[in-house]
Amino acid sequence: MRLRVTLNKCTTITLTLVNLLILYLLWTTQSANKSQNFPDVRVTTNVTTTAHDENELIISKNLMYKIIKKDITFIFRQYENYDNDLIASIASLRNILPNSQILILTDKFIYPVLKLNTTIKILKLMPSLENNYDQRNILSHIKTKYIMFLSDSVRFTSVQVFIKMIQQLQLKSTQIVSVVVGHSKQCLTVNINVKQWTLQFINQTSNICDYVGNDRQLILVKKKLLHSLTDAFMLPFPSAFYIQASYLKYKVKLLDISENLIKP
């Protein structure tokens, strides 16, 4: 009788141990699966991020630098032909982007004479016997995806202003990005009546508008947008540019950039 009880106890203990072992194996297997299915999450004081998110941020930042260095053509369009600051303006840009592609568009002779190379070109827009159609077709000279119009007499201290503009232009809702140099900023709505040949400019407080009322500004667009305009490089610039873009319902995003990044 005692032997039977002892055997029963041993059997019960053995089954209990086996069940515990099975539960342990199931628990460790589930834990391993969870660790494989979910990335490691790092928690800081205020923000929860994953290793994947951090890699995405790094890739995004590196992509911005790559775009700025290789996929933007910088264009000077509005300036004085005989009293300009183009040499110093170009030097300022070259200090932060040594190999940037620069185009200077002109209707007349430019003075002082600029030193040109393979990355700095002057393109004449006025027809002449020495200036055929292909030479005057500005967009055919531009091989980059993005175009940035620069005002004369601007000094750059960092590439951060370009990074912020590129980041903004990546949004699907943004077609044109503008940064004003100086304190005077006007973001205007434009009402165009082609039949009556009238233009109406309306002040607004929003930073999304049709027209930025300041001659000294940076304007970033994708090259393909300029193909849709009647004459993207028409003078006075950028007034004529904004009016054409407004007629096609393109909107401008006016960014508020620190004055430390660009100086008049």
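Provided above is the structure to which this section pertains.
Throughout what follows, the structure given in this document is the object of discussion. Source: prediction; values computed, not measured.

### Brief notes about the overall build of the chain
Point 1. Secondary structure summary: the chain contains 8 helices and 15 strands in total.
Point 2. The buried share of the chain, taken over its 264 residues, is 38%.
Point 3. Contacts in the chain between residues at least 24 apart in sequence constitute 67% of all its contacts with a sequence separation of at least 6.
Point 4. Taken as a whole, the chain presents about 17000 Å² of accessible surface, with 56% of it coming from carbon and sulfur.

### Some points on empty space enclosed by the protein
Point 1. Following the criterion strictly, the structure yields 1 cavity of 30 Å³ or more and no others.
Point 2. In this structure, the largest cavity spans a volume of roughly 70 Å³.
Point 3. Every residue lining the largest cavity is listed: I75, R77, Q78, F149, L150, S151, D215, Q217, I219, F237 and P238.
Point 4. Secondary structure elements with two or more residues in the lining of the largest cavity: strand 6 (146–150) and strand 13 (217–222).
Point 5. Residue composition of the lining of the largest cavity, by class: 6 nonpolar, 3 polar and 2 charged.

### Overview of the layout of surface pockets
Point 1. By volume, the largest pocket amounts to about 350 Å³.
Point 2. Around the largest pocket, the lining is made up of 17 residues, and of these R136, I138, D231, A232 and F233 lie nearest the centre.
Point 3. Residue assignment for the lining of the largest pocket shows that the elements contributing at least two residues are helix 4 (133–136), helix 5 (138–141) and helix 7 (223–227).
Point 4. In terms of residue class, the lining of the largest pocket is built from 10 nonpolar, 3 polar and 4 charged.
Point 5. Quantified by volume, the second largest pocket comes out at close to 200 Å³.
Point 6. If you trace the second largest pocket, you find it lined by Q78, Y79, E80, D83, N84, D85, S151, D152, S153, D215 and R216.
Point 7. When the residues that make up the lining of the second largest pocket are grouped by side-chain class, the tally is 1 nonpolar, 4 polar and 6 charged.

### What about the pairing of strand 10 (residues 198–203)?
Point 1. Across 6 bridges, strand 9 (residues 187–193) lies against strand 10 in antiparallel orientation. Looking at strand 10, one finds that N193 is bridged to T198.
Point 2. Linking strand 9 back to strand 10 in an antiparallel pair, the connection comprises 4 residues, with W197 at a positive phi of about 55°.

### Concerning helix 3 (residues 86–96)
Point 1. Of all the positions in helix 3, only L86, S89, I90, S92, L93 and R94 are classed as buried.
Point 2. The elements touched by buried residues of helix 3 are strand 3 (72–76), strand 4 (101–106), strand 5 (120–124), strand 6, strand 7 (155–156) and helix 6 (160–169).

### Focus: unusual backbone geometry
Point 1. Of the consecutive residues L235 and P236, the connecting peptide bond is found in the cis state with omega at 0°.
Point 2. Tracing the backbone shows P236 in the loop between helix 7 and helix 8 (239–247).
Point 3. Cis peptide bonds are those with omega within 30 degrees of zero, and the linkage from F237 to P238 qualifies with 10°.
Point 4. You can see P238 is positioned in the loop between helix 7 and helix 8.
Point 5. A positive phi angle, near 60°, is found at S153, a position not held by glycine.
Point 6. The topology assignment puts S153 in the loop between strand 6 and strand 7.
Point 7. We classify S153 as partly exposed; its relative accessible area is 25%.
Point 8. Of note in the backbone geometry, W197 takes a positive phi value of approximately 55° without being a glycine.
Point 9. Structurally, W197 is set in the loop between strand 9 and strand 10.

### As for the sheet that holds strand 14 (residues 252–255)
Point 1. Taken together, the 8 strands give an open sheet; going across it, the order is 5-4-3-6-13-8-14-11, and neighbouring strands pair in mixed fashion. Single-partner strands in this sheet number two, and they are strand 5 and strand 11 (208–209).
Point 2. Across 2 bridges, the pairing between strand 11 and strand 14 is antiparallel. Each residue of the ladder has a partner; that of C209, found in strand 14, is V252.
Point 3. Its contacts with the sheet put helix 6 on strand 3, strand 6, strand 8 (176–180), strand 13 and strand 14, and the angle it makes with strand 13 is roughly 40°.

### Details of the sheet that holds strand 9
Strand pairing in a sheet is mediated by backbone hydrogen bonds. Such pairs are either parallel or antiparallel.
Point 1. Reading across from one edge, 10-9-12 is the order of the 3 strands in this open sheet, with antiparallel pairing throughout. Here the strands that pair on one side only, and so sit at the sheet edges, are strand 10 and strand 12 (211–212).

### A closer look at the pairing of strand 14
Point 1. Neither face of strand 14 is exposed, since V252 and L254 on one face and K253 and L255 on the opposite face are all buried.
Point 2. Note: strand 8 against strand 14, 4 bridges, orientation parallel. Note on strand 14: the bridge partner recorded for S178 is L254.

Reading guide: rules and limits
Residues numbered from 1 in each chain as written. Predicted model: local features only at pLDDT ≥ 70, side-chain atom pairs only at ≥ 80, totals over all residues. Heavy atoms only, no water. Helix = DSSP H or I, 4+ residues; strand = E, 2+ residues; numbered from the N terminus. Buried < 20%, exposed > 50% of the residue type's maximum accessible area, 1.4 Å probe, protein only. Contact = heavy atoms within 4.5 Å. Areas by Shrake-Rupley, 256 points an atom, 1.4 Å probe, with all protein chains shown as cover. 1 Å grid on protein atoms, 1.4 Å probe; cavity = no way out; pocket = protein on both sides within 12 Å on 5 of 7 lines; lining within 4 Å. Points joined across faces, edges and corners; volume = space filled by probe spheres on them. Nonpolar A, V, L, I, M, F, W, Y, C, P; charged D, E, K, R; others polar. Pairing = 2+ DSSP bridges. Axes fitted to C-alpha atoms, helices over the stretch in contact; angles between N-to-C directions.

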